[in-house]
Amino acid sequence: MPAIACVDTGYVFSGDSSLPTAADVFIPTSPTSTFSDISSRWNPSLSASLYRIDCWGAPYFTANSSGNISVRPHGSDTLPHQDIDLLDVVKNATDPKPSGGLGLQFPLIVRFPDVLKNRLECLQSAFDSAVKSQGYGSHYQGVYPVKCNQDRFIVEDIVNFGSSFRFGLEAGSKPEILLAMSCLCKGNPDAFLVCNGFKDSEYVSLALLGRKLAFNTVIVLEQEHELDLVIDLSQKMNVRPVIGLRAKLRTKQTNHYGSNSGENGKFGLTSSQIVRVVTKLRESGMLDCLQLLHFHIGSMIPSTSLLSDGVSEAALIYCELVRLGAHMRVIDVGGGLGIDYDGSKSGEADQSVTYTLEEYAEAVVSSIRYVCDRRSVKHPVICSESGRATVSHHSVLIFEAASSVKPTAHQPSAADDIQFLLEGEEDLYAAVMRGDQEKSLLYVEQLKQRCVEGFKDGILSIEQLGSIDGLCEWVLKAIGGSDAVQTYNINLSIFTSAPDHWGTVGQLFPIVPIHRLDQKPGARGILSDLTCDSDGKIVKFIGGESSLPLHEIDSYGGGGRYLLGIFLGGAYEESMGGVHNLFGGPSVVRVSQSDGPHSFVVTRAVPGQSSSDVLRAVQHEPELMIQTLKHRAEEVMHTKGGGQEDEDENEYKNVAACLDRSFHNMPYLATEEGIIE
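Residues numbered from 1 in each chain as written. Predicted model: local features only at pLDDT ≥ 70, side-chain atom pairs only at ≥ 80, totals over all residues. Heavy atoms only, no water.

For the protein chain, an unreviewed UniProt entry supplies the name Arginine decarboxylase and the organism Raphanus sativus. The Catalytic activity (unreviewed entry) field of the UniProt record for the protein chain holds the comment "L-arginine + H(+) = agmatine + CO2". The record held by UniProt for the protein chain lists under Sequence similarities (unreviewed entry) the comment "Belongs to the Orn/Lys/Arg decarboxylase class-II family. SpeA subfamily." (UniProt positions renumbered as here; feature names shortened; annotations may be inferred.)

Q: Looking at this structure, I do not really get the UniProt feature "active site" (unreviewed entry) in the protein chain. What am I missing?
A: When the UniProt feature table is mapped onto this chain, "active site" (unreviewed entry) is found at Cys532. Tracing the sequence through the fold places Cys532 in the loop between strand E18 (523-528) and strand E19 (537-538). (Helix = DSSP H or I, 4+ residues; strand = E, 2+ residues; numbered from the N terminus.)

Q: Mind showing me how you'd approach the sheet that holds strand E10 (residues 216-221) here?
A: Within a sheet, neighbouring strands are paired by backbone hydrogen bonds and run either parallel or antiparallel to one another. With parallel pairing, eight strands are arranged side by side in an open sheet as E7-E8-E9-E10-E11-E12-E13-E14. In the strand order of this sheet, the two ends are held by strand E7 (143-145) and strand E14 (381-383), each with one partner. For this sheet, the mean angle separating the axes of adjacent strands, direction not counted, is 25°. Pairing analysis gives four bridges linking strand E11 (residues 243-246) to strand E12 (residues 290-294), with the strands arranged parallel. Across the sheet, Gly244 pairs through a bridge with Leu292, a residue of E12. Docked against the sheet, helix H9 (residues 201-212) engages strand E8 (168-171), strand E9 (192-195) and E10, running at close to 150° with respect to E10. (Pairing = 2+ DSSP bridges. Axes fitted to C-alpha atoms, helices over the stretch in contact; angles between N-to-C directions. Contact = heavy atoms within 4.5 Å.)

Q: For this particular structure, what's the right way to read the sheet that holds strand E3 (residues 61-63)?
A: Spatially, three strands are ordered E3-E4-E5 in an open sheet, and the strand pairing comes out antiparallel. Every interior strand has two partners, whereas the edge strands, E3 and strand E5 (84-85), have only one. In terms of strand pairing, strand E4 (residues 69-71) meets E5 through two bridges, oriented antiparallel. From the neighbouring strand, Ser70 faces E5, where its bridge partner is Asp85.

Q: Help me understand the nonpolar core, please; the structure alone is not making it clear to me.
A: In globular proteins that are soluble, nonpolar side chains generally tend to be buried together. Core analysis: the biggest nonpolar cluster contains 151 residues, and Ile53, Leu86, Tyr144, Ile398, Leu527 and Phe567 have the highest contact counts within it. Setting aside chain neighbours within four positions, we find Ile398 in contact with Leu86, Val90, Phe106, Pro107, Leu108, Val110, Ile514, Leu563, Leu564 and Gly565. One finds Val432, Leu465, Ile468 and Leu471 within the second-largest nonpolar core, a separate group that totals 15 residues. (Core = buried A, V, L, I, M, F, W, Y, C linked by side-chain atoms within 4.5 Å. Buried < 20%, exposed > 50% of the residue type's maximum accessible area, 1.4 Å probe, protein only.)

Q: Would you take a moment to explain the pairing of strand E23 (residues 587-593) for this structure?
A: Side-chain direction in a regular strand flips from residue to residue, so the side chains alternate between the two faces of the sheet. Taking burial as the measure, the seven residues of E23 include seven buried ones, the bulk of the element. Neither face of E23 is exposed, since Ser587, Val589, Val591 and Gln593 on one face and Val588, Arg590 and Ser592 on the opposite face are all buried. Bridge count for strand E6 (residues 108-111) against E23 is four bridges, and the pairing is parallel. By the bridge assignment for E23, Leu108 is matched with Ser587. In the sheet, E23 pairs with strand E24 (residues 600-606) via six bridges, with the strands oriented antiparallel. Of the residues in E24, the one forming a bridge with Val588 is Val606.

Spelled out as structure tokens, the structure:
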């Protein structure tokens, strides 16, 4: 078994020089070439190394002996018989109902509540261990920011799984407060309900109502003027509020997420504003209500050194608030606990972090303890808002590669053909003959430009332009300058299902075939989605790659489906996705580990949004649309006439059935039922 080297770029193996390297995986120079010698030695372990599954996926995902992705629902505590074969889950969800399946259509989100439970337990355990090892005088009590994924069952699971250790929720809007209060009715009464975000009187009233309903609600001041609302409404409602404030720290990140932190951050109070808030609370006889300090360095904090700097700065502010007379008891370190999307542990390019859960917790606890001990301040309760680290792993997006497009090139039959076609291009011909790649590339571009100008001037026909283009492609291939990357057309909308990749964040997610991992990938590919938008493609992948090792697939409608998964996408993607081109949300199944014959049970299955659903979401009325189109069909049939009433009636029925079916089905490609290999 080779040692796995999780490096910043590329796909590499170490420890066994006899094994194929990344170069062996990609497309050969000729479509007819084979790699039977290498393929015979290929196995799932090599695929796991190739796709870095053991780096970004541990301890929840691995490649099993069947060549499929296995899910380890309880992380490191998963027993061998508890592994869940992801392909089995997908087959169960998408096989037609007459065959015993659920009949769901791709794309498909598969959620694993057991993984979610394990993430919560690991987070709590990391802080519990840090508290114990450092002799910390209080405890950790986290909250889940529901903005990361507001799905009802996810939030309910978190409240249920975290009840034993008082895990709570964070809300940033009025609907989120309502959601949080409803879910926390079944949670631990001591769990925090942290109320962040911009506030008006209705927002503050809802939060104060939470206090009346015996929720442990904390209103966090994001802006100075919000204090007036809290003071006024709490007196009118006769509610003693618990107030927190968000501090703008000087500590900030230097990566993409750093723009949301520091003194120029969107939220928070400066030191002078904090002093004014304390003064006003003292004058109002409410300084005892100020009990929590909140801050946020930024998402995906790359290192514990930066984390420690920020936490230490915040702890100093906390101690100053205690000195000024506030009844402080909680420090909320906010979000920022990152995950290692690319498995490199490098902390670079917003895709990776250098620490583990345990190291994160140690840094937070030790920084607060050190500052508080120096100031002789009682250790506060530690809260964090770790959404990304909580929910990312438990959700996998599965989609089909419906077809692939291979690059084609003109194939001259002999060297004299080349010379004939290159007549008048002596420099290019000479560069090709001596194998000068740099000069050949330069002359090819010059030839292309001249030919395009000639085509625009009417000198060249499209056939001639096509011949020159084909020749240039052949030259590039002959000198090793061509791009052998295929385009895989995927049954997915990136705008709907992976908006963070398309948007300004440019988030890279691990993308891996969920089967055929016992076979050597024979191609490199980029992914192109269904939308009529040139940005609807994935051309950057983890490890700094511009293409992904993939297997050859049949053309659309062929024998077997080729299924890929986007991993670690459980946070933000669903809540931020829109309906670009009116492609709606995917189908969803919840899968729990079971001791039955298949090691899993589907506890909930929800079909994806139909065309009617997405049309309704943009203010159309599908029922009225159907009737309008059916009426149009009747008019056309009547106008056509011809005295063939039976044929007209049958044709109308076919049109009506087609309309009903199209409104009812999902907007994605309805591929022919095929075997999942």
